[in-house]
Every structure is written in structure tokens, then in C-alpha cells.
Amino acid sequence: MSPTPEATCETTETQSWTREQIESLFALPFNDLLFKAQTVHRENHDANQVQLSSLLSIKTGACPEDCAYCPQSARYKTGLKTERLMPLDQIVEAAKKAKAEGAGRFCMGAAWRSPKDKDIQAVSEAVSAVKALGMETCATLGMLNEEHANELKEAGLDYYNHNLDTSPEYYGEIITTRTYDDRLETLENVRTAGMKVCCGGIVGMGETKNDRVGLLQTLASLCPPPESVPINNLIKIEGTPLADLEDIDPFDFIRTIAVARILMPKSYVRLSAGRETMNDQLQSLCFLAGANSIFYGEQLLTANNATAEHDRELFAKLGINQ
Ligand code: SAM
Ligand code: DTB
Ligand code: SF4
């Protein structure tokens, strides 16, 4: 079950996996899957190191999009307090605090469908200021055209986060206000501008196992694969259409991380949203399955995260370094 390098892709890092091959990985006995994932992990990464990214919502809520999971969509009554674009000094203060807590990367998120010219100007200033602190920079602002991608790159943006969220087939059940192809186009613009790509998805949105296969296959076939792959466990927000779904079986969540690790050996696989409700043992199995990055700090964008203090304690128990 070895993948072959993708014929149409210039990079040897993109390998072509069929859906059947990926299904077979998911179907492996749990211990075999984890052993395989950990083996791939050790061939490509320090097994006891986890990268820390901190998030800040720099513009909150009132988003015109209809993403069914999202507390920030204007279409759902989630009780969220909306906020305009945050002033530069507050962003820099938050970045300094994240750095002092130990984060290496600072990711600024905005609830936009796509930024306007003036938004890009303001975010570019913030990017340059955060970069000047000696941190890696990341932003997630919605769809980006070529010009905006180039401006952000110019300002010093290292990574752009734009998720595919789910499989091409299930996508229409979750979002109707922009297409899968729109997302792929933004990712292309980010790549062409010379930035690194942070792209992943969400599990626990009522998708089938095949949808998880489809999401991971699409991510792994990007050319090259994303440098960062956030795997989010749906945070069920009251007022959103997905609020009452059943939890995904934690073993299926771990399997998703393990398969992501095997398909994208060199990528950082980020154990993302949903850690607040995961116990230490579950998180540890995710690290064993090949997760080597987390969102770090008390808050994600609007939802709570595991606390930094708790994460430091967990890392000390596991002998994990940042
Ligand atoms: N508005 C921009 C966009 O959608 O591209 C950037 C911010 S958006 C909140 C970033 C990502 O957060 C989404 O693509 C989604 O994957 C994730 N996300 C949002 N709400 C979530 C939730 N309730 N649970 C898990 N992940 C979530
Ligand atoms: C990603 O994949 N997960 C982060 C980040 N990219 C921007 C966001 C998670 C959001 C969780 C819900 C909230 O905090 O509003
Ligand atoms: Fe808006 Fe992003 Fe939330 Fe979708 S995920 S509603 S685009 S903030």
C-alpha cells in the first residue's frame, strides 16, 4: 500500500493516494494504525516536540457567510458580541503576551467573507508589527485574491490559514455561500504569493467516514501538501445548525489524526479546536498518532481552549518540548 508521487505535481512531497488506500488505513487495527503513524512521524519529525500557535480574533462576528458550525455567522443567534477590527496596539499587546507564554506563531483571525483593500492595509501593518517581535505570523481572513495575497506576503506573513473543512461531497451541506473551488482558488493564490499554507478541516459535523477520507485525500493531493494541517473537532455552539449533533467517537478522531500523519509525512498536523473537552489521555493518543502542533492559549477565536497552564503541565508529564 505505497503511494506513488503525483504525476502532475512537481514536488515529490505530494503522493497520490486512492480513496481505497486511505479507507484501508482507517480500517487497520488501532494499534497497527498508531504504530504506522508514529513510525512515519519519527522518520520526519522530533517525536517529543510540539509547535505552539496562539490565536487572536481581530474582527469578531457579523460574518455574511453561512458556515453551519460557526458562532460568527450573522445568520445564527449565538449571543456572540461582535467587534470591529481591533486597533494595532491591542493586537501587538496580545502577540507579546502570547510570545511571553511560549507561543512561536501568532495567528490573526477575522470574520470576513473576504477582506477589502483597507482591511488588507490594516492587517498588513499588524503582520509587520508581530513579525518584528520575532514571531512567525499567520492570518485567516477568508477568501484572498492574488493582489491581497501578495500584499500580505510583502508585509511579512508566513502562513495563511484557509480550511477545506470537509470532503468535496459533504461541503454543500455545511456552507452554501462559497464553493469548494473558491477555497482551492484562495489556496492557490496563497501558494503563488510564496506563503506557507495552513489548511485542514473539522470532524464531528455529521460527516461519514468516507467524507473524512475525502477531506484527507484532497488535502494530501495539494501540491505541495499544506505545511500545517489543523484537524478541528467540532465545538458545538448553541444557536448554530450543528449544535445538537452527537459527538464523534474519540477513536475515530484519533484515527483521523493518524491517517493525516501518514498521508502528509512532513506536515505539522495540528490538534486544533475541541481540546478543551478532551482529557489528557485522549490528547496524548493524538500526539502518539502524529499530532505535533496545537493552538495554545485560553481562547481560540471566540471559544475557550485548554489553558496554557494545563498544557504546560501535560507537556511536562509527557516529556514534550515546545
Ligand atoms: N472567516 C475566515 C474563514 O472562514 O476562512 C477565517 C476564520 S474561520 C472562524 C476559521 C476556521 O475556524 C474555519 O474554517 C473552521 O474550520 C474553524 N471553525 C470555526 N468554527 C468552528 C467550530 N465551532 N468548531 C471547530 N472549528 C471551527
Ligand atoms: C483552525 O483550523 N481552527 C482555528 C483556526 N484555524 C483559525 C479556529 C477554531 C475556531 C473555533 C471556534 C471559535 O473559537 O470561534
Ligand atoms: Fe464567517 Fe469564517 Fe465563520 Fe464562515 S467560518 S461564518 S467565513 S467567520
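Look up a bit, the structure's there.
The structure presented is a predicted model; accordingly, all values stated were derived computationally and were not measured.

## Focus: the overall build of the protein chain
Moving on, step 1. When helices and strands are tallied, the protein chain shows 11 helices and 11 strands.
Moving on, step 2. In summary, the protein chain has a C-alpha radius of gyration of 18 Å against a globular reference of 20 Å for 322 residues, a match within 12%.
Moving on, step 3. A principal-axis box enclosing the C-alpha atoms of the protein chain has dimensions of 50 × 40 × 40 Å.
Moving on, step 4. Put simply, the protein chain has 322 residues, and 56% of those count as buried.
Moving on, step 5. Considering only intrachain contacts with a sequence separation of at least 6, the fraction spanning at least 24 residues in the protein chain is 73%.
Moving on, step 6. Per element, the accessible surface of the protein chain, about 14200 Å² overall, is 49% carbon and sulfur.
Moving on, step 7. Positive and negative side-chain charges in the protein chain, numbering 31 and 45 respectively, have mean positions lying 3 Å apart.

## A short note on the environment of Gly201
Moving on, step 1. With respect to the helices and strands, Gly201 occurs in strand β8 (residues 201-203).
Moving on, step 2. Its relative accessible area of 1% is what places Gly201 among the buried residues.
Moving on, step 3. As for Gly201 and Glu43, which are separated by 158 residues in sequence, their C-alpha atoms are 25 Å apart.
Moving on, step 4. Setting aside residues up to four positions removed in sequence, Gly201 forms contacts with Asn163, Asp165, Leu215, Pro230, Ile231 and Asn232.

## Focus: the pattern of salt bridges
Moving on, step 1. The final tally for this structure, using the stated rule, is 16 salt bridges.
Moving on, step 2. A salt bridge links Asp158 to Lys131; the nearest nitrogen and oxygen atoms lie 2.8 Å apart. Of the two residues, Asp158 is situated in the loop between α5 (146-155) and β6 (159-161) and Lys131 in helix α4 (residues 117-131); the sequence distance between them amounts to 27 residues.
Moving on, step 3. When the shortest N-O distance is used, the salt bridge between Asp311 and Arg275 registers 2.8 Å. Here Asp311, found in helix α11 (residues 308-318), pairs with Arg275, found in the loop between β10 (268-271) and α10 (280-288); they are 36 residues apart in sequence, far enough to count as distant.
Moving on, step 4. What makes Arg275 buried here is its relative accessible area of 1%.
Moving on, step 5. What you see here is one network of salt bridges that share partners, running through Glu65, Arg113 and Arg178.

## Overview of helix α1 (residues 19-27)
Moving on, step 1. Considered for burial, the residues of α1 that qualify are Gln21, Ile22, Leu25 and Phe26. The buried side chains of α1 occupy one side of the element, clustering within an arc of 145 degrees when seen end-on. Facing away from the buried surface of α1 by more than 90 degrees, the exposed residues are Glu20 and Ala27.
Moving on, step 2. For α1, the elements touching its buried residues are β2 (15-16), α2 (30-44), α8 (209-220) and α9 (250-263).

## With respect to the site of ligand 1
Moving on, step 1. Lining the immediate surroundings of ligand 1 are 18 residues, of which Tyr69, Thr140, Asn163, Asp165 and Ile235 lie closest.
Moving on, step 2. Here a nitrogen atom of ligand 1 sits 3.3 Å away from a polar atom, N or O, in the main chain of Trp112.
Moving on, step 3. About the coverage of ligand 1: the protein hides 91% of its 560 Å² of free accessible area.
Moving on, step 4. Each residue belonging to the shell around ligand 1 can be placed in one class, and the counts come to 10 nonpolar, 6 polar and 2 charged.

What counts and what doesn't
Residues numbered from 1 in each chain as written. Chains lettered and ligands numbered in written order. Predicted model: local features only at pLDDT ≥ 70, side-chain atom pairs only at ≥ 80, totals over all residues. Heavy atoms only, no water. Helix = DSSP H or I, 4+ residues; strand = E, 2+ residues; numbered from the N terminus. Rg over C-alpha atoms; globule rule 2.2 N^0.38 Å. Buried < 20%, exposed > 50% of the residue type's maximum accessible area, 1.4 Å probe, protein only. Contact = heavy atoms within 4.5 Å. Areas by Shrake-Rupley, 256 points an atom, 1.4 Å probe, with all protein chains shown as cover. Lys, Arg positive; Asp, Glu negative; His and termini not counted. Charge placed at Lys NZ, Arg CZ, Asp CG, Glu CD. Salt bridge = Lys/Arg side-chain N within 4 Å of Asp/Glu carboxyl O. Arc of directions from axis to C-beta. Near = heavy atom within 4 Å. Polar contact = N/O pair within 3.5 Å; in protein donor to acceptor, adjacent residues only side chain to side chain. Nonpolar A, V, L, I, M, F, W, Y, C, P; charged D, E, K, R; others polar.

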